[in-house]
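Read off the chains here:
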Amino acid sequence: MGEAQRHTVGDVTLNYRIDGSGDPLVCIHGVGSYLEAWSGVVQRLKDQFTVLTFDLRGHGHSSRIKGRYEIDDFVDEALALADKAGFQTFNLAGFSLGGLIAQRLALTHLDRLRKLMLLSTVAGRTPEERTRVLERLAALQAGTPADHHNASLSRWLTEEFQENNPAVIARLRERDAENDPDCYAAAYRVLAETDFGGFLDQIRCPTLIATGEEDAGSNPRMARYMHERIPGSTLSILPGLRHSILIEAPETVANLMRGFLTHEETNHG
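Residues numbered from 1 in each chain as written. Predicted model: local features only at pLDDT ≥ 70, side-chain atom pairs only at ≥ 80, totals over all residues. Heavy atoms only, no water.

Draft legend 1. Expanded view of the overall build of the protein. A tally of regular secondary structure across the protein gives 11 helices and eight strands. Taken over C-alpha atoms, the radius of gyration comes to 17 Å for the protein, in line with the 18 Å a tight globule of 269 residues would show. Principal-axis analysis of the C-alpha atoms places the extent of the protein at approximately 50 × 40 × 35 Å. Classification of the 269 residues of the protein by burial places 56% in the buried group. A separation threshold of at least 6 residues defines the contact pool for the protein, and within that pool the share at least 24 residues apart is 76%. (Helix = DSSP H or I, 4+ residues; strand = E, 2+ residues; numbered from the N terminus. Rg over C-alpha atoms; globule rule 2.2 N^0.38 Å. Buried < 20%, exposed > 50% of the residue type's maximum accessible area, 1.4 Å probe, protein only. Contact = heavy atoms within 4.5 Å.)

Structure below.
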């Protein structure tokens, strides 16, 4: 992986990396995660793409800013890093909360995007789904990231993967325990309360939507909902996977992204 670098935007210092060479690609991780979540994908794409990964505010080695986070804070900071990297326009991939940030960026700065990839993300929640995610937010605000981790592990990864990869699971647990509870909850609130379902038809760039077949939160119904609303989008439901597709199946995700990014669009209907 590339050298860790730092860039300050307003009152936030962001930790980021640039790997590889080729077309610019920005990758945004999920809540409670960090740029290394993309490592398996980056290793497989850096031969063809210049990949920017970074820790969101409050995550990893970026500033642990306290207080309320807004989705536009995340968007502005992602754009500032793209500017710093010299990316006039770029391909954008977002996972989970990163996918919501990517949707917002596409809705507000479409002129910066080449292609968009929405991985394991949410839109068009039903009232029941909204209730469930707000209950998880309340539980998180009352508990700790470690409690949340224990409650979520089987939502994220299949039992088979957990059994076969104890070192990966131990590392995830360790990293989750390092999260700042206030920052985690501030970011999770954005995930829980944000929904761009009604605006998706305004996203007018080639878009790939992918999620795990067994993802309970960012479920296939939501993926199909996005696909129906984003004109000309491509949909991929990944068999046998839950939420954490970057961790459990980086090769599958990288192949999917490469195929989508290198495919020439015949029309932009």
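Draft legend 2. Representation of the packing of helix 2 (residues 71-84) against helix 3 (residues 97-108) in the model. The contact between helix 2 and helix 3 brings their axes to 9 Å, and the two run at 75°. Judged by the angle between their axes, helix 2 and helix 3 are roughly perpendicular. From helix 2, I71, D72, F74, V75, A78 and L79 reach across to helix 3, where they touch L97, L100, I101, R104, L105 and T108. Residues of the contact of helix 2 with helix 3, tallied by class, amount to nine nonpolar, one polar and two charged. (Axes fitted to C-alpha atoms, helices over the stretch in contact; angles between N-to-C directions. Parallel < 35°, antiparallel > 145°, perpendicular 65-115°, else oblique. Nonpolar A, V, L, I, M, F, W, Y, C, P; charged D, E, K, R; others polar.)

Draft legend 3. Summary view of the pairing of strand 6 (residues 113-119). Burial of strand 6 is extensive: six of the seven residues sit out of reach of the surface. Two elements, strand 5 (residues 90-95) and strand 6, share five bridges in a ladder whose sense is parallel. Within the sheet, the bridge partner assigned to G94 lies in strand 6 and is L118. The pairing of strand 6 with strand 7 (residues 207-212) spans four bridges and is classified as parallel. Bridged to M117 within strand 7 is L208. (Pairing = 2+ DSSP bridges.)

Draft legend 4. Structural context of the sheet that holds strand 5. Spatial strand order, 1-2-4-3-5-6-7-8: eight strands in an open sheet with mixed pairing. Pairing within the sheet leaves two strands with one partner each, and these edge strands are strand 1 (5-9) and strand 8 (234-238). Adjacent strand axes in the sheet meet at a mean angle of 20°, parallel and antiparallel pairs treated alike. Relative to strand 4 (residues 49-54), strand 3 (residues 23-28) runs parallel, the two sharing five bridges. Directly across from P24, in strand 4, lies its bridge partner T50. Against the sheet, helix 9 (residues 220-229) makes contact with strand 6, strand 7 and strand 8, and its axis sits at roughly 170° relative to strand 8, the strand it touches most.

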